[in-house]
Amino acid sequence: MDIRSIGIVGAGQMGNGIAHVTALAGYDVTLTDVSADALEAATALIAKNMDRQVTREKITTGDRDAALARIRTTQDLAELGPSNLIIEAATEREDIKDAIFAELGPALSPDTILTSNTSSISITRLASRTDRPERFMGFHFMNPVPVMQLVELIRGIATDEATYKACYAVVEKLGKTAATAEDFPAFIVNRILMPMINEAVYTLYEGVGTVTSIDTSMKLGANHPMGPLELADFIGLDTCLAIMNVLHDGLADTKYRPCPLLVKYVEAGWLGRKTQRGFYDYRGEAPVPTR
Ligand code: NAD
């Protein structure tokens, strides 16, 4: 199966990054969103991020111009019809994703592969409600997409080999590395990363360390580029909590219970960088620990 064109649903944080890397790799890209503002912001951000790559001599101005010319935006989902591969990167809500796939199905050729960039929703369940469970899989990019090397490829129970191989070839063409995961809660990266972050919050909650000592310990003692609490703020504490809840509910093991302190930060609306406050306060010149 030769993939030449890619339709991307959702032009938020992930969708714009996916459009960026796929257009640079030579695919014709159609990017859609319900919000005209999101499409406009995504187009501007992609151009800005590619300009930065030109400045750093990672790409030429010719590469940038050709890639930008390959991206088309539309608010009409049906215009994704001719795409060979769909990557859905809309809001992390199962009802929204189901509605997108239901509307998209009739517009697509029977061969078109459907994928979702979901961080946590069951691929098998999403696939079961589409008209093509065997041509459906998880295509999970990491944030920020142009920088992060990994893509997790998640097979649903019905995903066929041709679909998997076609998606694998796309990851290779993007110059990224695929890791294959079976469809269980949070897949591989978040299954391992989130319990570590949650444990760091427990370490803070129990008074074993302060924000600074916990992050310093993991940076200098385990060679992590960011401390776990700093990383949690970057990801968003609401997202961390949502993934812990998926693990806890999906695997029914108390070892995944979210730390009450994480719940408290989310209830306070202290969600990390995006709200200027989380385990650090970002409102001043330099981040200041909040505990
Ligand atoms: P986001 O909120 O930045 O963007 C979501 C976009 O989807 C918005 O622009 C919204 O207008 C659009 N949208 C909502 N309903 C739509 C519809 N019916 N049709 C078309 N567009 C619609 O979210 P995000 O962080 O880009 O996350 C998108 C997906 O990627 C989620 O499934 C998320 O779990 C996954 N993901 C996120 C990260 C991350 O670090 N943020 C990492 C990996 C995967």
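Attention in this report is confined to the structure presented alongside it.

Analysis parameters
Residues numbered from 1 in each chain as written. Predicted model: local features only at pLDDT ≥ 70, side-chain atom pairs only at ≥ 80, totals over all residues. Heavy atoms only, no water. Patch = residues over 30% accessible without salt bridge, like charges linked within 9 Å, V, L, I, M, F, W, Y side chains within 5 Å. Areas by Shrake-Rupley, 256 points an atom, 1.4 Å probe, with all protein chains shown as cover. Salt bridge = Lys/Arg side-chain N within 4 Å of Asp/Glu carboxyl O. Lys, Arg positive; Asp, Glu negative; His and termini not counted. Charge placed at Lys NZ, Arg CZ, Asp CG, Glu CD. Helix = DSSP H or I, 4+ residues; strand = E, 2+ residues; numbered from the N terminus. Pairing = 2+ DSSP bridges. Axes fitted to C-alpha atoms, helices over the stretch in contact; angles between N-to-C directions. Contact = heavy atoms within 4.5 Å. Parallel < 35°, antiparallel > 145°, perpendicular 65-115°, else oblique. Buried < 20%, exposed > 50% of the residue type's maximum accessible area, 1.4 Å probe, protein only.

**A short note on a positive patch on the surface**
Consideration 1: There is a patch of like positive charges on the surface, built from Lys48, Arg52, Arg56 and Lys58.
Consideration 2: Considering the arrangement of structural elements, one finds arginine 56 in the loop between α2 (36-55) and α3 (61-69).

**Things to note about the sheet that holds strand β6 (residues 136-141)**
Consideration 1: One open sheet holds the 8 strands; their spatial order is β3-β2-β1-β4-β5-β6-β7-β8, and the pairing between them is mixed. In the strand order of this sheet, the two ends are held by β3 (71-74) and β8 (177-182), each with one partner. Sheet twist, expressed as the mean angle between neighbouring strand axes with direction ignored, is 25°.
Consideration 2: Against the sheet, helix α4 (residues 94-104) makes contact with β1 (5-9), β4 (85-88), β5 (113-116) and β6, and its axis sits at roughly 165° relative to β5, the strand it touches most.

**Some details on the packing of helix α7 (residues 189-205) against helix α11 (residues 260-268)**
Consideration 1: Viewed as axis vectors pointing N to C, α7 and α11 meet at an angle of 95°, and their least axial separation amounts to 8 Å. The orientation of α7 relative to α11 falls into the category roughly perpendicular. Only Pro260, Leu261 and Leu262 of α11 make contact with α7, whose side of the interface consists of Asn198, Val201, Tyr202, Leu204 and Tyr205.

**Let's talk about unusual backbone geometry**
Consideration 1: Cis geometry marks the peptide bond from asparagine 143 to proline 144, where omega comes out at -5°.
Consideration 2: Mapping proline 144 onto the fold places it in the loop between β6 and β7 (150-155).
Consideration 3: If you check the backbone angles, glutamate 57 has positive phi at about 60° while not being a glycine.
Consideration 4: Look at glutamate 57 and you get exposed, because its relative accessible area is 72%.
Consideration 5: A positive phi is found at phenylalanine 187, a non-glycine position, where the angle reads about 60°.
Consideration 6: Assignment of secondary structure puts phenylalanine 187 in the loop between β8 and α7.

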